[in-house]
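# Commentary on secondary and tertiary structure
One-letter residues, chain by chain:
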Amino acid sequence: MNEDAEYELIKRLQNPNEQKSAFADLVKTFSEQLYWQIRKMVLSHDDANDILQNTLIKVWTNLDSFRGDSKLVTWLYRIAINESITFINKQRQQQNIPLDDDDTFLLSKLEADSYFDGDEAQVKLQKAILTLPEKQRIVFNMKYFDDIKYEDMSLILDTSVGALKASYHHAVKKIEDFLSSPD
């Protein structure tokens, strides 16, 4: 979405007479993008759909708090990522998985997901990604799969560009090591 279209959408979202139709446009414009960001974090289609719905509800209920200090998409991503992290932490808690353990429990959801049609190489890549610490996993997914600029990531994740570059570098190294190791 270009800056003019985003500015116009924000104006409509802030106008009570146009808010509902503007929100429908927001959903139409950003849902797929948000879904795939969430899906990369939680791996399961059904969970991603649920989290997307929670994200959109949170966006709707907090429209008045969006001040326009950042891009609209940045704000949406921040909400989606926070909702995904909250979901993963609840899953860990329900399954009594310590916070410092990796998230390989998510892999069983991926393998059981009827919507996943990946081959063995994709499963191995997902296993490698799941061994990363949460922050590195988020940065890797955003950079590798979505090619999001570090400057935009910095706004979404509230982290310096230098720290994000270091996280991505470490994540790539860990994934390369994992993929090159024998099974």
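Going by an unreviewed UniProt entry, the chain carries the name Sigma-70 family RNA polymerase sigma factor and comes from Dysgonomonas capnocytophagoides. Taken from UniProt, the Sequence similarities (unreviewed entry) comment for the chain reads in full: "Belongs to the sigma-70 factor family. ECF subfamily."

For the rest of this paragraph, the subject is the packing of helix 2 (residues 19-42) against helix 3 (residues 45-61). At their nearest, the axes of helix 2 and helix 3 sit 9 Å apart, and the two run at 140 degrees to each other. On the basis of their axis angle, the class for helix 2 and helix 3 is oblique. Regarding helix 2 and helix 3, the two cross each other, and that crossing is right-handed. From helix 2, Gln19, Lys20, Phe23, Leu26, Val27, Ser31, Leu34, Tyr35, Ile38, Arg39 and Val42 reach across to helix 3, where they touch His45, Asp47, Ala48, Asn49, Ile51, Leu52, Thr55, Leu56, Val59 and Trp60. Partitioned by chemical class, the residues of the contact of helix 2 with helix 3 number 13 nonpolar, five polar and three charged.

The residue Leu43 is not glycine, and still its phi comes out positive at about 70 degrees. Tracing the backbone through its elements, the reader meets Leu43 in the loop between helix 2 and helix 3. In the Ramachandran plot, Asp147 falls in the positive-phi region, its phi being about 50 degrees despite a non-glycine side chain. Looking at where Asp147 falls in the secondary structure, it is placed in the loop between helix 7 (134-145) and helix 8 (150-157). Since its relative accessible area comes to 56%, Asp147 is described here as exposed.

Between helix 2 and helix 4 (residues 72-94), the least distance of the axes is 10 Å, while the angle of their chain directions is 35 degrees. Considering the relative orientation of helix 2 and helix 4, their crossing is right-handed. On the side of helix 2, the interface is formed by Leu26, Phe30, Gln33, Leu34, Gln37, Ile38, Met41 and Val42, while helix 4 contributes Leu72, Val73, Leu76, Tyr77, Ala80, Ile81, Ser84, Ile85, Phe87 and Ile88. Looking at the contact of helix 2 with helix 4 residue by residue, the classes come out as 15 nonpolar, three polar and no charged.

Next up on the list: the pattern of salt bridges. Counted according to the given criterion, the structure contains eight salt bridges. Between Lys58 and Glu83 there is a salt bridge, and its shortest N-O distance comes to 2.8 Å. Here Lys58, found in helix 3, pairs with Glu83, found in helix 4; they are 25 residues apart in sequence, far enough to count as distant. A salt bridge links Lys143 to Asp147; the nearest nitrogen and oxygen atoms lie 3.6 Å apart. Exposure remark for Lys143: the relative accessible area of 19% places this residue in the buried category.

Here is what the cut-offs are and how they apply
Residues numbered from 1 in each chain as written. Predicted model: local features only at pLDDT ≥ 70, side-chain atom pairs only at ≥ 80, totals over all residues. Heavy atoms only, no water. UniProt positions renumbered as here; feature names shortened; annotations may be inferred. Axes fitted to C-alpha atoms, helices over the stretch in contact; angles between N-to-C directions. Helix = DSSP H or I, 4+ residues; strand = E, 2+ residues; numbered from the N terminus. Parallel < 35°, antiparallel > 145°, perpendicular 65-115°, else oblique. Left-handed = near helix turned anticlockwise from the far one by under 90°. Contact = heavy atoms within 4.5 Å. Nonpolar A, V, L, I, M, F, W, Y, C, P; charged D, E, K, R; others polar. Buried < 20%, exposed > 50% of the residue type's maximum accessible area, 1.4 Å probe, protein only. Salt bridge = Lys/Arg side-chain N within 4 Å of Asp/Glu carboxyl O.

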